[in-house]
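# Per-entry structural report
Residues per chain are reported as follows:
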Amino acid sequence: MILGHGALAVLARDLNTGAPWWLLFAASFGPDLLDKPLAIAFDLTDRGVGHSFFSLAGVALLLLLVWRFGLLPGRQAALALALWVLHLITDFPTAMTFWWPLYGMPSGEYLLDREFAHWTAFYLSPKLTPVFVLDACLCALALTRLGVLLVARQRRKASNTLYL
Ligand SMILES: [Zn+2]
């Protein structure tokens with residue numbers, strides 16, 4: 001799931017925490033933002049350290065410190081952590097990946113063209129797997145929400161020009 005993570009960031013905006021878009025997207029894609037560069041640089045599997053409990057605990061601690069020192073409101077920090085957790089839940093990492101380094105490093109090599117082929121097939125010739133259905137539902141909800149926001153903005157603009 002790629003687009004579904006972005007959809008979760010869009011939907012999280014409705015919680016009115018005042019969290020900026022960059023925080024929502026960084027938290028929503030966080031595990032992949034850690035793992036993909038590591039996989040490319042060190043020829044590792046695409047889901048590794050970033051998708052583990054270890055990184056989740058590290059991010060939780062970091063957000064706790066950021067909140068404690070007043071750099072981020074508590075609600076925004078909690079939302080960022082929730083988006084990170086939702087990423088892990090929707091990716092269904094294996095036990096070996098989630099409990100890294102307890103079972104060792106998940107093995108596998110990362111091939112960018114294979115990854116591209118996988119995601120192209122996932123979206124362009126989909127199979128009705130639970131992950132695809134979840135991804136499609138999240139994208140549909142997010143697109144609907146963005147459409148509603150766009151219509152509301154247009155109506156506000158129209159009513160403002162009406163009274164000028
Ligand atoms: Zn992921």
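Residues numbered from 1 in each chain as written. Predicted model: local features only at pLDDT ≥ 70, side-chain atom pairs only at ≥ 80, totals over all residues.

### What to know about the UniProt feature "transmembrane region" (unreviewed entry) in the protein
Operational definition: UniProt positions are given in the numbering used here, feature names are shortened, and annotations may be inferred rather than shown by experiment. Runs of H or I in DSSP of at least four residues are treated as helices and runs of E of at least two as strands, each being numbered from the N terminus.
Here, the residues flagged by UniProt with the feature "transmembrane region" (unreviewed entry) are residues 50-67, 79-102 and 131-152. End C-alpha to end C-alpha, residues 79-102 measures 28 Å, and it is 71% helix and 0% strand. With 100% helix and 0% strand, the stretch residues 131-152 has end C-alpha atoms that lie 32 Å from each other.

### Some words on the nonpolar core
Inside soluble globular proteins, nonpolar side chains tend to come together where they are buried. Which entries qualify depends on this criterion: Put simply, a nonpolar core is buried Ala, Val, Leu, Ile, Met, Phe, Trp, Tyr and Cys residues tied into one set by C-beta atoms within 7 Å. Three exposure classes are used, based on other C-beta atoms lying within 10 Å of a residue's own C-beta, which is placed from the backbone: buried for 20 or more, exposed for 12 or fewer, and partly exposed in between. With C-beta atoms placed from the backbone, a contact is any residue pair whose C-beta atoms sit within 7 Å.
Counting 17 residues, the largest nonpolar core has Leu8, Ala9, Ala12, Leu24, Ala80 and Leu83 as the members making the most contacts within it. Elements with a contribution of two residues or more to this core: helix 1 (3-12), helix 2 (21-28), helix 5 (74-91) and helix 8 (130-162). Filtering out sequence-adjacent residues up to four positions away, Leu8 remains in contact with Ser28, Leu83, Leu86 and Leu138.

### Notes on helix 3 (residues 30-42)
Test applied: One fewer than the residue count of a helix, multiplied by 1.5 Å, yields its expected span. This arc is built from the directions going out from the helix axis to the C-beta atoms.
For helix 3, which comprises 13 residues, the first-to-last C-alpha distance of 18 Å matches the rise-based estimate of 18 Å (1.5 Å per residue) to within 8%. Turning to helix 3, its buried residues number three or more, namely Gly30, Pro31, Asp35 and Ala39. Buried residues of helix 3, seen end-on, are gathered within an arc of 140° and therefore sit on one face of the element. Every exposed residue of helix 3 that faces more than 90 degrees away from the buried side is listed here: Pro37 and Ala41. Along its buried surface, helix 3 packs onto helix 2, helix 4 (53-68) and helix 5. A positive backbone phi angle near 55° is found at Asp43, which sits one or two residues after helix 3.

### Brief notes about unusual backbone geometry
A negative phi angle is the norm for most residues apart from glycine, just as the trans form is the norm for most peptide bonds. With an omega of 5°, the peptide bond running from Trp100 to Pro101 counts as cis. Mapped onto the fold, Pro101 is located in the loop between helix 6 (95-98) and helix 7 (112-124). At Asn16, a residue that is not glycine, the phi angle is positive and equals roughly 55°. Within the element layout of this structure, Asn16 appears in the loop between helix 1 and helix 2. Take Asn16: there are 7 C-beta atoms within 10 Å of it, and that puts it in the exposed class. The backbone of Phe92 shows a phi angle near 50°, a positive value even though the residue is not glycine. Examined against the element boundaries, Phe92 turns out to sit in the loop between helix 5 and helix 6.

### Brief notes about the packing of helix 1 against helix 8
If you want to describe how two helices pack, look at the angle between their axes and the distance between the axes. The line we're drawing: Between the N-to-C directions of two axes lies an angle of 0 to 180 degrees, each axis being a line fitted to C-alpha atoms and, for a helix, fitted only over the stretch in contact. Relative orientations are named as follows: roughly parallel for angles under 35 degrees, roughly antiparallel for angles over 145 degrees, roughly perpendicular for angles from 65 to 115 degrees, and oblique for any other angle. It is the rotation of the near helix from the far one that decides the hand of a crossing: anticlockwise by less than a right angle makes it left-handed, clockwise makes it right-handed. Residues are sorted three ways: Asp, Glu, Lys and Arg are charged, Ala, Val, Leu, Ile, Met, Phe, Trp, Tyr, Cys and Pro are nonpolar, and all the rest, Gly among them, are polar.
Remark: helix 1 packs on helix 8, axes separated minimally by 8 Å, with the N-to-C direction vectors making an angle of 40°. Comparing the axis directions of helix 1 and helix 8 gives the class oblique. As helix 1 runs across helix 8, the sense of the crossing is left-handed. Taken together, the residues of helix 8 that come into contact with helix 1 (itself represented by Leu3, Gly4, Ala7, Leu8, Val10 and Leu11) are Leu134, Asp135, Leu138, Cys139, Leu141, Ala142, Arg145 and Leu146. Tallied by class, the residues present in the contact of helix 1 with helix 8 amount to 11 nonpolar, 1 polar and 2 charged.

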